Amino acid sequence: MAEMRVLTAELQPEAGAALKKALGMTAADVVFEVRESGMKGRGGAGFPTGIKWNLAGAASGADKMVICNADEGEPGTFKDRLLLEKYSMQLLEGMTIAGYAIGSSKGIIYLRAEYPYLVPAIMKARQDLIDRKLMGHFILGGNFTFDVEVRLGAGAYVCGEETSLIESLEGKRGEPRNKPPFPVNSGYLGRPTIVNNVETFVNVPHIILNGSDWYRGLGIGENTGTKLFSVSGDVEKPGVYELQMGSTIGELLDLAGAEDVQAVQVGGASGITITAGELERTLSFDDLPPGGSVIVFDRSRDMMDVLENFLEFFVHESCGQCTPCREGNVRLLDVTRSIRDGRIASREELKDFFMLAEIMKLGSKCGLGQTSPNCFVDIVTKLAELPGGKGGI
Amino acid sequence: MSRNPVDIVTSAMEKYGSGREAIMQMLTDVNRELGYIPEEAIRAIAAAVGVSNAEIYSVLSFYSFFSTEPRGRNIVRLCNTISCRMAGAGDILAAIEDELGIRAGETTPDDRVTLETTSCIGLCDQGPAMLVNDTPHTRLTPDEARRIIAGLQ
Ligand SMILES: Cc1cc2nc3c(=O)[nH]c(=O)nc-3n(C[C@H](O)[C@H](O)[C@H](O)COP(=O)(O)O)c2cc1C
Ligand code: SF4
């Protein structure tokens with residue numbers, strides 16, 4: 001399958017064309033169109049965007065909020081950086097359409113502290129849109145008003161989790177909240193709030209302009225649309241690739257030029273690790289997590305070093321609220337070093353750690369602790385040199 | 001001469017208001033201008049938004065970009081995540097440590113540079129990469145890294 005450039009197409013729709021069309025529709029029809037497109041959130045969790053917007057639109061409460069999650073902290077992900085750099089017009093237009101759809105006049109972009117150099121591009125796009133009456137007061141001369149501000153994070157991966165992000169915006173420690181209530185009912189300052197990924201918003205103008213039928217024609221089955229993938233590691237041409245949802249990982253690696261593949265980390269450190277024998281698997285919500293990060297390892301790499309690096313990341317980034325996540329990642333890191341250094345005498349010794357991994361998945365409050373053991377389970381069972389041979393527990 | 005911490009908080013308050021939701025922006029402004037967040041600033045922010053000093057401390061200690069210790073005039077953050085590591089971040093770290101005569105996590109005695117390693121900074125396609133203050137530097141070689149570090153004032 002070749003690349004399929006929509007979001008990153010050379011020729012982009014004229015700024016404001018989608019917004020004009022949306023403002024000519026009822027808010028409910030805009031939500032309906034997005035829902036019919038079948039688009040699921042591009043930030044990883046894959047919640048259907050139209051359903052989220054519908055819930056927020058129906059929620060009672062004043063001062064509804066549109067929040068863009070530009071915290072992009074998953075190791076190996078950089079596709080939102082590209083969108084913020086080059087397509088912030090489409091992002092802001094998508095947020096404005098979202099504001100119209102749910103009845104909000106205020107947006108916030110939560111930008112990770114590592115991307116401060118992107119602020120000027122975003123602010124310039126905002127000013128251009130205001131000058132063209134496509135943002136700000138009385139958009140296109142009508143009654144609808146919408147504006148955005150950019151707020152910087154301060155270096156915490158967990159703040160990409162939407163309730164933690166909201167806590168951070170409220171001036172608190174970025175510790176994930178208990179759900180319910182969900183942000184669509186009670187989010188930023190208790191207001192009904194939608195949080196969507198950068199790429200999700202960038203899709204919106206395209207869906208509105210071309211219609212949900214067109215969108216459903218992209219991708220495979222329920223996995224509609226195109227998807228951006230950030231490819232790094234042992235490839236000839238690292239970078240961002242746009243493919244139809246449901247493409248295989250092998251197709252993506254062919255584009256990026258990968259040889260002598262040992263393993264691929266799909267979906268970032270919190271994603272899953274596959275081996276060279278699994279390249280027919282698809283990037284979709286039904287198979288390999290299509291969040292966007294794809295890191296390739298050739299046969300020269302020691303996968304236990306890779307695992308150590310991921311677990312060090314999780315130990316550092318756990319917010320510490322739940323014991324399984326706070327302590328569990330430390331234990332998994334310890335035993336990973338033992339395996340690497342040949343200090344494991346038998347496979348039996350590892351059983352407790354696989355049990356611990358299960359407990360972490362079940363007993364952690366947010367996605368960080370629930371997914372951090374994946375890399376341990378995958379790499380140890382598929383790729384580690386253990387007493388008596390490779391992998392297999 | 002850098003501004004007094006209380007003045008920075010006062011102008012931040014004028015820009016962002018004095019609601020609790022302004023805390024991150026106030027902390028960011030102080031941290032950017034002074035390189036760290038001194039106790040005077042913590043007290044001023046606490047008074048501005050009407051929470052305890054301990055509460056402000058609790059918030060700021062959560063975030064790795066905020067510091068309560070004075071840091072160098074320049075902050076170098078070298079990415080330590082796997083894609084940059086595979087591209088040679090280890091050699092870059094060794095070169096910078098050698099150039100500065102300090103280890104990661106330390107500040108040069110003349111307060112010129114603080115060196116830190118950091119989680120993924122989203123430049124994985126152009127590694128090894130680092131941020132020097134707000135500016136990204138990509139596809140580093142050890143020589144290039146030394147040159148950049150030597151040029152910092
Ligand atoms: C630890 C953790 C980190 C996350 N980081 C991000 C992130 O950087 N960007 C993002 O869009 N979503 C991130 N998410 C997912 C968000 O919680 C949320 O699902 C998403 O922003 C919703 O937007 P979407 O439906 O458009 O994908 C993260 C989740 C977890 C558990
Ligand atoms: S799972 Fe980890 S990061 Fe998430 S809330 Fe619990 S301790 Fe914090």
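Thresholds applied
- Residue indices begin from 1 for each chain and proceed along its sequence in written order.
- Note on labels: chains are lettered from A, ligands numbered from 1, in written order.
- Confidence filtering applies because this is a predicted model: local features only for residues at pLDDT of at least 70, side-chain atom pairs given and counted only at 80 or more, and all residues used for totals across whole chains, interfaces and linings.
- Side-chain numbers come from the whole structure's heavy atoms, not from hydrogens or water.
- Criterion for a salt bridge: a side-chain nitrogen of Lys or Arg within 4 Å of a carboxyl oxygen of Asp or Glu.
- Exposure is judged per residue with a 1.4 Å probe applied to protein chains only, and the accessible area is read against the type maximum: over 50% gives exposed, under 20% gives buried, and values in between give partly exposed.
- Definition used in this section: a nonpolar core is a set of buried Ala, Val, Leu, Ile, Met, Phe, Trp, Tyr and Cys residues joined via side-chain atoms within 4.5 Å.
- By the criteria applied, helices consist of DSSP H or I runs no shorter than four residues and strands consist of E runs no shorter than two, each listed in order from the N terminus.
- The contact criterion used is simple: two residues touch if any of their non-hydrogen atoms lie within 4.5 Å.
- Strands qualify as paired when DSSP identifies two bridges or more between them.
- To obtain an axis, a line is fitted to C-alpha atoms, over the contacting stretch when the element is a helix, and the angle between two such axes runs from 0 to 180 degrees between their N-to-C directions.
- What makes a residue near a molecule or strand is one non-hydrogen atom of that residue sitting within 4 Å of it.
- Here a polar contact means two N or O atoms within 3.5 Å. Within protein one must be a hydrogen donor candidate and the other an acceptor candidate, and residues neighboring in sequence count only if both atoms are side-chain atoms.
- All residues other than Ala, Val, Leu, Ile, Met, Phe, Trp, Tyr, Cys, Pro, Asp, Glu, Lys and Arg, Gly among them, are scored as polar; the first ten of these are nonpolar and the last four charged.
- An automatic or database domain assignment provides the domain bounds reported here.
- Note on definitions: buried area is the accessible-area loss of two parts on being combined, 1.4 Å probe, summed for both.

Right, let's get into the pattern of salt bridges. Residue and element names in this part refer to chain A. As enumerated under the stated definition, the model contains 44 salt bridges over all chains in all. Among the ionic pairs, Arg 112 bridges to Glu 114, the shortest N-O distance being 3.2 Å. Grouping residues by exposure puts Arg 112 and Glu 114 together as buried. Linking Glu 170 and Arg 177 is a salt bridge whose minimum nitrogen-to-oxygen distance equals 3.0 Å. Counted as one network, the salt bridges with shared partners bring together Asp 305, Glu 308, Glu 312, Arg 337, Arg 340, Asp 341 and Arg 343.

One finds Ile 67, Phe 297, Phe 376 and Val 380 of chain A together with Leu 27, Ile 56 and Tyr 63 of chain B to be the most contacted residues of the largest nonpolar core, which totals 75 residues. Ranked by residue count, the leading element in this core is helix H11 (residues 303-317) of chain A, at eight residues. Membership of the second largest hydrophobic core comes to 56 residues, among which are Leu 118, Val 148, Ile 207 and Leu 218 of chain A.

Below, the discussion takes up the environment of Gly 211 of chain A. All names here are of chain A. Within the secondary structure, Gly 211 is located in the loop between helix H8 (198-210) and helix H9 (212-216). Take Gly 211: its relative accessible area is 12%, and that puts it in the buried class. In this structure, the C-alpha to C-alpha distance between Gly 211 and Glu 33, residues 178 residues apart in sequence, is 7.0 Å. Among residues more than four places away in sequence, those in contact with Gly 211 are Glu 33 and His 206.

As a further point, take the sheet that holds strand S11 (residues 293-298) of chain A. Residue and element names in this part refer to chain A. Spatially, the five strands line up as an open sheet ordered S8-S7-S11-S9-S10, and their pairing is mixed. The open sheet is flanked by strand S8 (239-244) and strand S10 (272-275), the only strands paired with a single partner. Each neighbouring strand pair of the sheet contributes to a mean axis angle of 30°, computed without reference to strand direction. Pairing geometry for strand S7 (residues 226-233) and S8, over six bridges, is antiparallel. Each bridged residue has a counterpart across the sheet, and for Val 231 the counterpart in S8 is Gly 239. Contacts from helix H10 (residues 249-256) reach S7, S8, strand S9 (261-266), S10 and S11 within the one sheet, and its direction differs from that of S8 by about 140°.

Attention now goes to the site of ligand 1. Residue and element names in this part refer to chain A. Taken together, 19 residues lie around ligand 1, and Gly 43, Asn 69, Asn 196, Asn 197 and Thr 200 are the ones closest in. The backbone of Gly 43 places a nitrogen or oxygen atom 2.6 Å from an oxygen atom of ligand 1. One of the backbone nitrogen or oxygen atoms of Glu 72 is found 3.1 Å away from an oxygen atom of ligand 1. Where the shell around ligand 1 is concerned, the elements lending two or more residues are strand S4 (193-197) and helix H14 (367-371). With three residues, the single largest contributor to the shell around ligand 1 is S4. Residue composition of the shell around ligand 1, by class: four nonpolar, nine polar and six charged.

All names here are of chain A. Pairing within the open sheet is parallel, and its four strands lie in the order S3-S2-S1-S4. This sheet does not close on itself; its edge strands, each paired only once, are strand S3 (147-152) and S4. Averaged over all neighbouring strand pairs, the angle between strand axes comes to 20°, with direction disregarded. Inspection of the sheet shows strand S1 (residues 64-70) paired to strand S2 (residues 104-111) by seven bridges, in the parallel sense. The partner of Ala 70 across the bridge, within S2, is Leu 111. Lying on the sheet, helix H6 (residues 119-131) is in contact with S2 and S3; it crosses S3 at an angle near 170°.

Okay, the domain arrangement of chain B next. The domain boundaries assigned to chain B delineate domain 1 (5-62) and domain 2 (74-150). A C-alpha centroid distance of 29 Å is found between domain 1 of chain B and domain 2 of chain B.

On to the interface of chain B and chain A. For an interface, size is often stated in terms of accessible area lost upon the parts coming together. Taken together, the contact between chain B and chain A spans 32 residues of the former and 49 residues of the latter. The junction of chain B with chain A conceals about 3000 Å² of combined surface from both sides, 59% of it contributed by carbon and sulfur atoms. Run the count over chain B and chain A and you get one salt bridge. Close ionic contact of Asp 125 of chain B with Arg 81 of chain A constitutes a salt bridge, the shortest N to O distance being 3.0 Å. Summed over the shared surface of chain B and chain A, the number is 16 residue pairs in polar contact (both at pLDDT 80 or more). Of all elements in the fold, only helix H2 (23-34), helix H4 (53-60) and helix H5 (82-86) of chain B reach the threshold of two or more residues within the side of chain B that touches chain A. With five residues, H2 of chain B is the largest single contributor of residues to the side of chain B that touches chain A. Each residue belonging to the side of chain B that touches chain A can be placed in one class, and the counts come to 15 nonpolar, 11 polar and six charged.

Turning our attention to the domain arrangement of chain A. All names here are of chain A. In terms of domains, chain A is made up of domain 1 (9-215), domain 2 (226-298) and domain 3 (303-383). The straight-line distance from the C-alpha centre of domain 2 to that of domain 3 is 23 Å. Taken together, the contact between domain 2 and domain 3 spans 13 residues of the former and 12 residues of the latter. Summing the contributions of domain 2 and of domain 3, the shared interface buries around 990 Å²; its carbon and sulfur component is 67%. Summed over the three residues of domain 2 that lose the most area to domain 3, namely Ala 269, Ser 270 and Thr 273, the buried surface amounts to 48% of that side. The interface formed by domain 2 and domain 3 holds one salt bridge in total. Between Glu 278 and Lys 382 there is a salt bridge, and its shortest N-O distance comes to 3.1 Å. At the junction of domain 2 and domain 3, the tally comes to three residue pairs in polar contact (both at pLDDT 80 or more). Among the secondary structure elements, those contributing two or more residues to the side of domain 2 that touches domain 3 are S9, S10 and S11. Among the elements that line the side of domain 2 that touches domain 3, the one with the most residues is S10, at four residues.

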